[in-house]
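Understanding the architecture of this molecule
So you can see what is in the structure, the chains are spelled out below.
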Amino acid sequence: MESRAFLPIALATVATAAVLTTSLWGEGQSPTKKTPQERFIPRGRAAAEGPVQFFSMPGKSAVNGNNPSGGRREALTGFDDLTNGYFEQGPDFDTITEDNVEPLRSYNDGRFIFEEKETAEDGLGPTYNTQSCSACHQNIVTGGASQIAEHRTAHTFNGQYFESPGGSLIQSRATFPDIVEHVLPVDTIRTFRMSTSTMGDGYAECISDSTLTAIRDAQPPDMQGTAPEVAVLEGDGSPGVGRFGWKCQHRSLLSFASDAYLNEMGITSPLFPDENTSQGQFVGWGTPYDPLPEPEDDGTDAQAFVNFMRSTKAPPRGPITPDVHFGEKKFDQIGCAICHVAAITTAAAGTSINGGAFTVPDALGNRTLHPYSDFLLHDIGTGDGIPIQPTPEYAGTATQIRTAPLWGFRTRNRLMHDGLSFTADECIQRHDGQAAAARDAFNALNGFQKAQIFDFLNSL
């Protein structure tokens, strides 16, 4: 009886898609562009993006990759609202206004756009979650961690996955009361996903695909991560190894930012030109709900977000005491650092990445960052049941989640992907599956050793 109840929803989803296609293109017409789902299907295989660079791995000698003689520089860190050198600092931030801002001029201009509050006149909505990037990325400074969680739902029928009508993301807000999205009783897969920090993401973007796959290959078989290959929407059609978002659903910051602009604020742009629906109902241009034609941003704002994120420094460390030092050693010994990788070096300046759409600049090239993440997907028993895309090639990602970067850990008090853990110990106890052995090794430590690991985590 309960199983049969799923069938109308699944069929309704297909029917809704057919109606939307007719409304967008006209009866009897064929689209002249790829459908949204087609655009997310990777074509071919990811490029290496240069030789493997240095990374650290417990139980092995540090892997030197193509740069054994050094020449690496540390990634810049700091909660100081200063550029890492990718973009110039620009005019004093306090002097920038809506009237004189030049979005693509400088770090401070990009920060202004990142913090700018969008309105319906700018294209906000019709369904959305928040009004600015900084509303979700603000702790300790703009671009940092967040207390904001987005809401996702879906269901399965006879073992097959189905998104909610309109997609798995349930927007929390709308510009009209009759199009506010609600959770359907049939959608029993329900989860929150915390907005992640974007600080240091320019460095993360410049890690070559070859380095991430080398990290994967160096991990023990029972802890080996998944390096999903995803479409780079602005590239030449070739995919890349995803690393942004809790499902590693994006390879590039421009794809990531454009996705967020649409799905968090409801603003369309060249890479995401199709307006969101309200639970499958078309509410875009041509309806009473959307006064602006698509795309609402010509790409300038999305690129400003990217320039700002690429220019942010990585989160800095707190004081490193003897207990912190020994806590990190114990963290390594029990196996946590196999996934929470302490050091990774970016590709050399001049390396082409993102399907040829971006060249690693000197400010971000050959820099060693300390994310305490492998930027890979793992099954640690906390997967939210929602894959990268509702297509067969990504089905295995439903039970996986990205290794949370631990840099900036001390600035967060809502932990894990869903924000439902509140202490470091609670996080550790939730680790299962591929992380069960590390969790059990932690639980076998004495109280003093555990306290040292907590000291280490609280220094990040």
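Preceding block: the structure.
Heads up: these notes are all about the structure in this document. These numbers were taken from a predicted model, which means no experiment stands behind them.

1. A closer look at the environment of Phe326
Turning to its location among the elements, Phe326 is positioned in helix H8 (residues 322-333). Judged by relative accessible area, which is 44%, Phe326 ranks as partly exposed. Once the C-alpha coordinates of Phe326 and Gln449 are considered, the two residues, 123 residues apart in sequence, prove to be 8.5 Å apart.

2. Brief notes about the sheet that holds strand E1 (residues 73-74)
Strand-to-strand pairing in sheets goes through backbone hydrogen bonds, with the strands running parallel or antiparallel. Taken together, the three strands give an open sheet; going across it, the order is E1-E15-E12, and neighbouring strands pair in mixed fashion. At either margin of the open sheet sits one strand with a lone partner, and together these are E1 and strand E12 (344-345). Both E1 and strand E15 (residues 367-369) contribute to a ladder of two bridges, which runs parallel. Looking across to E15, one finds that Glu74 is bridged to Thr368.

3. Here we look at unusual backbone geometry
In this model, Asn139 is joined to Ile140 through a cis peptide bond whose omega is 10 degrees. Tracing the chain through its elements places Ile140 in the loop between strand E2 (127-128) and strand E3 (149-157). Cis geometry is adopted by the peptide bond preceding Pro295, which originates at Glu294 and carries an omega value of -10 degrees. Along the polypeptide, Pro295 turns up in the loop between strand E11 (281-282) and helix H7 (300-311). Of note, the phi angle at Tyr372 is positive, near 55 degrees, even though the residue is not glycine. Its place among the elements puts Tyr372 in the loop between E15 and strand E16 (377-378). Owing to a relative accessible area of 4%, Tyr372 belongs among the buried residues under this scheme.

Here is what the cut-offs are and how they apply
- Residues numbered from 1 in each chain as written.
- Predicted model: local features only at pLDDT ≥ 70, side-chain atom pairs only at ≥ 80, totals over all residues.
- Heavy atoms only, no water.
- Helix = DSSP H or I, 4+ residues; strand = E, 2+ residues; numbered from the N terminus.
- Buried < 20%, exposed > 50% of the residue type's maximum accessible area, 1.4 Å probe, protein only.
- Pairing = 2+ DSSP bridges.

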